[in-house]
Amino acid sequence: MLLENLSSILAILWQNKLLLSLALIVYLLLKQTYQFLNSPFRAQRIPGPFLASFTNLYRSYRTMTGTWHRDIMQLHLKYGPVVWIAPDEVSCSDPYLRNVIYGFANDKREETFFKKAPLYETGSVNEDFSFLFEREPEKARLGKRLMSHFYSETALSGLEKNFDQAVDEFVQGIEKHVIQPGKVCNFTHWVEYYIWDVTAQIACNNSNGFCLAGEDHFGTLWGIKLILSVVGWLLPTPQALMITTRWIRRMLLVYWLDQLFYTGMGIGEKKWKVPLEERIDEVRTENPDHLLAKFHSAQASMRDHYPLGDTVQGTTVQYFNLMAGAVGVTPHTTITAIHNLLKDPTALSTVRAELAALPKAVTFADFIHYGGSNKIPYLEAVINEATRICPAVGFSLSRTSPPAGCQLNQFFIPPGYTVGMSAWAVNYDKGYFGADAAEFKPERWLGVDEHGRKRASKMEAGWLSFGAGGRVCIGRHLAMFLMVKLVATVVARWELEEVEAPKERFAMVVEMQGMMVKIKERAVEG
Ligand code: HEM
């Protein structure tokens, strides 16, 4: 009887599409209302905008408009350090709570360890290990043990000639295509060309020639941005995971993914004629010291944990992680550093004086901390400050509240709910970084404070630009290397006149789009 009634209701709804849509809307409203009324966040009166506590659409809409990184700062200014930002998620901005959420995993910490939230799965497109999107702490630890040392200062220093080759090509490219009277160029694009060229250099010992040509071959850079934007838009939308599988997501992006790998491995437009596996074998056999060969050789050790994955896909996932971090993220911090130096003539001349005191162009040995002596502390402070003031990873680093739940100030977050921090909200905290937290001030990274503690250590213990704890960015040394070489070259050689300031746009990364400049040779005294 019940079944008969139900099937006749369904039949009526199916015949009347308007009624069906209305029924769906009523169902969703009832579900959201039930979830809202029973939320532990409501019971504890965690503050936040009503719409955000009721529906994910609030955050999705703000993400699509490209302003979420600034919106979340405003929410914290208005509502305090813990804010209800989505039906099952709170955001926290208090730097002192950073180590509660982003600790290290170990066997004894299962009850209190915060795993990456399910939304990270949105970026997973196959069965292989991905640093960025893996949620299981044990697997992430394995990946770090096997592969993060590829990105250590020492390992990267061994590839310095590849960085220098890309810098040379950048200089040649700017001299050939840009330095002409009155010519205005999109400098954001040029920094992207340089970082893409370095990436291909250190992974494949291959000169991709973007800088020499002064253009993005085959829409490759556009492809990386497209992939990151799509993933960024889908991250705050849990429905994306309900209606897609890894396979569907891969099929949606496969053209652009393959384009990236083939271009990175130096065969661009001939790509469909050469099987990916063959090309990887060629490149890694010829260049065993470069990153692609290392990604490939680590695959055998991953197989016990990823029996469904395979060596070619596993290698390309590592290459994608490198491209996303380097080409997707680092240009925008570099642009922030240069933009702020142009606005601050004193800082610019301090950097120039520091570089002029070096016997030759800056080398990694001039500034690495491990076993090295830092000869360019001010330039390093400029880059750190740019990374603090404009954290290019703009989304909340969401985690799942652990089996024991967690205490965030006066609020208890039960297990299974999502908690996260946005570097934009954390890095501007006046209580931690000072009343001038919103200002670009490299000096805050230098010297010691009134208690004799290194200022840089305090900054690093509070900021969130590279994440924190067990899932901290593995590419931060690479990012520094990329930025130091480029910023040093630009400010030492040329005068830049900013014709149009860069414009911020949030997708997953906060891009600094369209910094338009005129460039001319610099007259150096003596
Ligand atoms: C200025 C440049 C960069 C910034 C601001 C940055 C920022 C971040 C942040 C905030 C995280 C933490 C994500 C999370 O907890 O969910 C992260 C993770 C990561 N970054 Fe970076 N990154 C940068 C450059 C790079 C580069 C050059 C690479 C290249 C290898 C890279 C690779 C990664 C990877 C693979 C992870 C995931 C680590 C894990 O979850 O275990 N990043 N990055």
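Residues numbered from 1 in each chain as written. Predicted model: local features only at pLDDT ≥ 70, side-chain atom pairs only at ≥ 80, totals over all residues. Heavy atoms only, no water.

Let me state the cut-off plainly: UniProt positions are given in the numbering used here, feature names are shortened, and annotations may be inferred rather than shown by experiment.
The name recorded for the protein chain in an unreviewed UniProt entry is Cytochrome P450, from Morchella conica CCBAS932. In its Cofactor (unreviewed entry) section, the UniProt record describing the protein chain reads: "heme".

**Section: the site of the ligand**
Quick note on the threshold: The criterion for a residue being near a molecule or strand is simple. One of its heavy atoms has to lie within 4 Å of it. Definition of a polar contact: a pair of N or O atoms within 3.5 Å, with one able to donate and the other able to accept a hydrogen when the atoms are protein atoms, and with sequence-neighbouring residues admitted only if both atoms are side-chain atoms. For helices the rule is a DSSP run of H or I covering at least 4 residues; for strands it is a run of E covering at least 2, with both sets numbered from the N terminus onward. Here the nonpolar group is Ala, Val, Leu, Ile, Met, Phe, Trp, Tyr, Cys and Pro; Asp, Glu, Lys and Arg are the charged ones; every other residue, Gly included, is treated as polar.
The ligand sits among 27 residues. The nearest are Lys-116, Tyr-120, Arg-399, Arg-471 and Cys-473. Within the backbone of Phe-131, a nitrogen or oxygen atom sits 3.1 Å from an oxygen atom of the ligand. Between an oxygen atom of the ligand and a side-chain N or O atom of Arg-399, the distance comes to 2.7 Å. If you list the elements that add at least two residues to the shell around the ligand, you get helix 18 (311–343) and helix 24 (476–493). Residues belonging to the shell around the ligand are distributed by class as follows: 16 nonpolar, seven polar and four charged.

**Considerations on unusual backbone geometry**
The condition is simple: Whether a residue is buried, partly exposed or exposed follows from its accessible area with a 1.4 Å probe, protein chains only, as a fraction of its type maximum: under 20%, in between, or over 50%, in that order.
Unusually for a residue other than glycine, Arg-45 sits at a positive phi of about 55°. Relative to the helices and strands, Arg-45 resides in the loop between helix 3 (40–43) and helix 4 (50–54). Residue classification places Arg-45 among the exposed residues on the basis of a relative accessible area of 72%. One non-glycine residue, Phe-218, adopts positive backbone phi at about 60°. Secondary-structure assignment places Phe-218 in the loop between helix 12 (210–213) and helix 13 (220–234). By relative accessible area, which is 35% here, Phe-218 ends up partly exposed.

**Here's the deal with the packing of helix 18 against helix 24**
Any two packed helices are characterised by the angle at which their axes cross and by the distance between the axes. For clarity, the threshold we go by: Only the contacting stretch of a helix is used when fitting its axis, a line to C-alpha atoms as for every element, and angles between N-to-C directions run 0 to 180 degrees. Relative orientations are named as follows: roughly parallel for angles under 35 degrees, roughly antiparallel for angles over 145 degrees, roughly perpendicular for angles from 65 to 115 degrees, and oblique for any other angle. Each crossing gets its hand from how the near helix is turned against the far one by less than a right angle, where anticlockwise is left-handed and clockwise is right-handed. Any two residues whose heavy atoms approach within 4.5 Å are treated as being in contact.
Running from N to C, helix 18 and helix 24 cross one another at 40°; their axes reach a closest spacing of 10 Å. With respect to helix 24, the axis of helix 18 lies oblique. The handedness of the crossing between helix 18 and helix 24 is right-handed. On the side of helix 18, the interface is formed by Leu-322, Ala-326, Thr-330, Thr-333, Thr-334, Ile-338 and Leu-341, while helix 24 contributes Leu-478, Ala-479, Leu-482, Met-483, Leu-486, Val-487, Val-490 and Val-491. Classifying every residue of the contact of helix 18 with helix 24 by side-chain character gives 12 nonpolar, three polar and no charged.

**Notes on the pattern of salt bridges**
To keep things clear, this is the line we draw: By definition here, a salt bridge exists when the distance from a side-chain nitrogen of Lys or Arg to a carboxyl oxygen of Asp or Glu is within 4 Å.
Across all of its chains, the model carries 22 salt bridges by this definition. Among the salt bridges present, the one from Asp-436 reaches Arg-444, with a minimum N-O distance of 3.1 Å. Given a relative accessible area of 8%, Arg-444 falls into the buried group. One salt-bridge network, in which partners are shared between bridges, spans Glu-385, Arg-388, Asp-436, Lys-441 and Arg-444.

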